[in-house]
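# Residue-level structural notes
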Amino acid sequence: MFQLKLFFYTFFVTFLFKPIISDNNNTLLIIVSFDGFRYDYIERNLTDNIVNLKSNSSFAPYMNSVFPTKTFPNHFSIATGLYTEVHGVLDNKVYDSSNNKSLGYGYELFHYNDDIVPLWILNERGGGGRRSGCSMWPGSNFEYQGTLPSHFQLYNSSVPWEDRVDTVFGWFKHPDTPINLAMVYFEQPDDICHKFGPNSPEINTEIARVDRIVQYMMQKAEETNLLNKLNFVFLSDHGGQAIEVPGNLINLDSYINKTWYIRDGVPPSLQIYPVKGKEIDVLKTLRAARNEKGANFTAYTQEQMLDRWHYRHCKRTPPILLLADLGYLFLPAENEKQYKITTSEIGTHGYDPVFSTMRAFFMATGPMFKRNFKIDPFENINIYPLAAHMLGLPLPLIAPNGTLSTLQDILVTKTSAADENATTYIVAVIVMIIACIATLLGWLFLRNYLQHKEKLRKSSIASYKILNQGTDEERLYEVRDTQSSDCDDDCDSPT
């Protein structure tokens, strides 16, 4: 009897309280990056959906990128909260002088320090049903400390944007391994900016495309019943600068002997490694090019690199950094992919973040964000501590350079998701304990009641037996008395 009741109680608790203690209790967050979406692109009357969404969002006039304003460094700074000198992704390509090789996109580029934990890994290892999904986010397809996100999609520009969104929302609703964090990357409008420049009709087409996919994501959230649960962060990694061609292209070989040094990196910034014995000649020649020949670039030694760049304190930092002036661009080396120039203007990025054309975009909307709330511009390294706080995650051993206080005011409440989840779990446990006690008391009451009824039944049976036994004896006596009377009569009768 008790085992049967326990089974039904377990069944009852499991299904009644499953919504309280399920994986979906975790904060749901999606961070969406549009490569090269400059902060002022929304002022071109091409983004009605984004502008309308802005009134229900927290937003900044712009977000500052880290130096250099390149794709891989900034996406990894967003994902780790660290400056480039800390996470080591100094450019889209980095020269490894200790091994005498160039590091392009790959495991080594993103593993300068194995103690660094990207946000998707921090969440994945956070427990409590937390899982991450990354769609084409730079660096997300590699293991960190032996861990991969539960779901990831390799970069493939041929995959339609709507299909990517469908995949990500499928991860949120996955029957077995649903995610609570998604980090999603789109390669436009940056790719078109490089080819046609930030002022071209072609890039306007891509800006409108970005607006449509934002609308599609919001519609998808509504269709999947996530609109009131999912928190969106829309951002970009950097802006874009117009380059007049061919007039503003720099041929470095016209200023210095290319056999004197090794170059790496992606223009407009170059890492310069003088060959042995040519250290002084290389620096002297590069400075003379600026001072005497009017070259549109500056050579910085490691000691001269600006502190606000947070670039020079790294083992991967080159002895000389060559940086083109704003609006100028180095021609690729002979062994590098050449520019395909079809117009009089192309676009690029990678300059000092202080330039307005390098500024990025930021907007956050969802149940945890304030509506129509404007904040001051900030650096993208502050996204990580904000996201970790929202997800209820402790910061890793290598803490972010960004701070929670920078963005905490955009939250509806300053109570962390960890506290909210803990409160929910405590309430659920208390309710379950009360249910257990009530069930136990009910069982004890029922047991005592049944025991009492059994005693009464046994007592009644015993009384009945005694009563019947007494009746039988009385009948026996009556029979005997009758027999005795008959005998007396016979005995008194004459023979």
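What counts and how
- Residues numbered from 1 in each chain as written.
- Predicted model: local features only at pLDDT ≥ 70, side-chain atom pairs only at ≥ 80, totals over all residues.
- Heavy atoms only, no water.
- Helix = DSSP H or I, 4+ residues; strand = E, 2+ residues; numbered from the N terminus.
- Buried < 20%, exposed > 50% of the residue type's maximum accessible area, 1.4 Å probe, protein only.
- Contact = heavy atoms within 4.5 Å.
- Areas by Shrake-Rupley, 256 points an atom, 1.4 Å probe, with all protein chains shown as cover.
- Pairing = 2+ DSSP bridges.
- Axes fitted to C-alpha atoms, helices over the stretch in contact; angles between N-to-C directions.
- Core = buried A, V, L, I, M, F, W, Y, C linked by side-chain atoms within 4.5 Å.
- Polar contact = N/O pair within 3.5 Å; in protein donor to acceptor, adjacent residues only side chain to side chain.
- Salt bridge = Lys/Arg side-chain N within 4 Å of Asp/Glu carboxyl O.

### Comments concerning the overall build of the protein chain
- Helix and strand counts for the protein chain stand at 12 helices and 20 strands.
- Here the protein chain holds 495 residues, and the buried ones make up 49% of them.
- Long-range pairs, those at least 24 residues apart, make up 74% of the contacts in the protein chain with a sequence separation of at least 6.
- With the model as given, the accessible surface of the protein chain reaches about 24,300 Å², and the carbon-plus-sulfur share is 54%.

### Brief notes about the sheet that holds strand β6 (residues 132–135)
- Spatial ordering of the open sheet is given by β7-β6-β8-β1-β9-β18-β2-β19, a layout of 8 strands whose pairing is mixed. Where the open sheet ends on each side, the last strands, each with one partner, are β7 (151–153) and β19 (373–374).
- With 4 bridges joining them, β6 and strand β8 (residues 181–186) adopt parallel strand pairing. Its bridge partner lying in β8, Ser132 is registered against Leu181.
- This element, helix α7 (residues 161–172), spans β1 (28–34), β6, β7, β8 and β9 (230–235) of the sheet and lies at about 170° to β8.

### Observations concerning the nonpolar core
- In terms of nonpolar packing, the biggest core is built from 59 residues, with Ile31, Leu119, Trp120, Met183, Phe362 and Ile383 touching the most fellow members.
- Contributions of two or more residues to this core are made by β1, α4 (71–80), α6 (119–124), β8, β9, β15 (320–324), β18 (362–365) and α11 (383–390).
- Among the elements that make up this core, the one with the highest residue count is α11 (6 residues).
- Grouped together as the second largest cluster of nonpolar side chains are 36 residues, Ile50, Trp161, Ile203 and Ala221 included.

### Topic: the sheet that holds strand β13 (residues 269–274)
- Sheet architecture is open: 4 strands sit in the order β12-β13-β15-β14, paired in antiparallel fashion. Both outer strands of the open sheet, β12 (261–264) and β14 (297–301), are each paired with one neighbouring strand and no more. Pairwise comparison of adjacent strand axes, ignoring direction, gives a mean angle of 25° for this sheet.
- Relative to β15, β14 is paired through 5 bridges, and the arrangement is antiparallel.

### Some remarks on the side chain of Thr69
- The topology assignment puts Thr69 in the loop between β3 (63–64) and α4.
- Judged by relative accessible area, which is 0%, Thr69 ranks as buried.
- Of note is the side chain of Thr69, whose polar atom sits 2.8 Å from the backbone nitrogen of Gly350.
- Other than its neighbours up to four places away in sequence, Thr69 contacts Asn74, His238, His349, Gly350, Tyr351, Pro353 and Met358.

### Remarks on the pattern of salt bridges
- According to the stated counting rule, one finds 15 salt bridges in the structure shown.
- Ionic pairing is found between Lys195 and Asp191, a salt bridge with its closest N-O pair at 3.4 Å. One end of the pair, Lys195, and the other, Asp191, are both in helix α8 (residues 190–196), 4 residues apart, so they sit about a helical turn from each other.
- Using a relative accessible area of 31% as the deciding quantity, one classes Asp191 as partly exposed.
- The partner of Arg290 in a salt bridge is Asp325, and the shortest N-O contact between them spans 2.8 Å. Taken as a pair, Arg290 in helix α10 (residues 279–291) and Asp325 in the loop between β15 and β16 (329–330) lie far apart in primary sequence, 35 residues in all.
- Put simply, Lys93, Arg263, Asp264 and Glu336 are held in one network by salt bridges that share partners.

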